[in-house]
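# Working through the structure, step by step
Spelled out from the first residue to the last, the chains are:
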Amino acid sequence: MSALHLAVPATGPAYGLPTTSNRWVAGLIAALVASLFLSTALNNVLAALVCGAAGLYWYRYRPFALLKRPVALLCMAFMAWLIVRDLTAGSTLAATMREVADFRPLIFLVFWAPLFAAQGHRRAAALTFFACMTIFCVAALLSLIITHKHIADVGYYRAHDLSGPMMAVAISTSIQLALAGGRLKFWWAGFAALATATLFFATERRTGYVGFGVVMVALVLLNMS
């Protein structure tokens, strides 16, 4: 969700889009984020509802200038290259669409962008994500301490999905916010430590370790003066 900040300006007028939050849209976005931690089926349903809300925003406000922003252009260029590559290689249209579906977050990044012109909508997504991730980290560590088993082994099968790229995003974001200072810097530093401990001791997702390494290198490079 935080990547959507790149697709639409964070402050000021945003291509005629409302910058005041709508409580229904904010609630829908928060529910979508929470569903990532609960159920794939529920997540699919809520994603469809968010697509409906985004469609209404595109129809009502027509912020087509958003499509000219660098992130949107890169996403569309990548998807176009993917389609051309597969079709020219002899893939069927159905197989090509399945390949495109694997990269659907890039489609959502562009299509949902109008919803995130409002700061309240961005805040709803971020707060829900970090609240759910904190609960997950505490539960994962408690599971290891009490049962000596990883949380996925005691029945929470969503753990494998969460402890990959999602946890890497949470850790890197919290570290960056801690480095930025502010009155919550110690909270962000504490969360980064909690999530890092969870990643390496209370989960079994090697892609999460790889993601952690990549974002650490990226953070160092981006923060070099």
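Please read these numbers as outputs of a predicted model, since none were measured by experiment.

## Quick notes on the packing of helix H7 (residues 159-179) against helix H9 (residues 206-223)
The interhelical angle for the contact between H7 and H9, taken along N-to-C directions, is 25°, at an axis separation of 8 Å. By the angle between their directions, the pair H7 and H9 is classed as roughly parallel. In the packing of H7 onto H9, the handedness of the crossing is right-handed. Within the contact between the two elements, H7 uses Ser163, Gly164, Ala168, Ile171, Ser172, Ile175, Gln176 and Leu179 and H9 uses Thr207, Gly208, Gly211, Phe212, Val215, Met216, Leu219 and Asn223. Taken together, the residues that form the contact of H7 with H9 break down as eight nonpolar, eight polar and no charged.

## A word on the pattern of salt bridges
Using the criterion set out here, one finds three salt bridges in the structure. Here Asp86 and Arg85 are joined by a salt bridge, their closest N and O atoms 2.9 Å apart. Classification of Arg85 as partly exposed rests on a relative accessible area of 36%. We note a salt bridge from Asp161 to Arg158, for which the minimum N-O separation is 3.5 Å. Ionic contacts of the salt-bridge type, sharing partners, join the residues Arg85, Asp86 and Glu99 into one network.

Rules and cut-offs
- Residues numbered from 1 in each chain as written.
- Predicted model: local features only at pLDDT ≥ 70, side-chain atom pairs only at ≥ 80, totals over all residues.
- Heavy atoms only, no water.
- Axes fitted to C-alpha atoms, helices over the stretch in contact; angles between N-to-C directions.
- Helix = DSSP H or I, 4+ residues; strand = E, 2+ residues; numbered from the N terminus.
- Parallel < 35°, antiparallel > 145°, perpendicular 65-115°, else oblique.
- Left-handed = near helix turned anticlockwise from the far one by under 90°.
- Contact = heavy atoms within 4.5 Å.
- Nonpolar A, V, L, I, M, F, W, Y, C, P; charged D, E, K, R; others polar.
- Salt bridge = Lys/Arg side-chain N within 4 Å of Asp/Glu carboxyl O.
- Buried < 20%, exposed > 50% of the residue type's maximum accessible area, 1.4 Å probe, protein only.

This is a description of form; function is not addressed.
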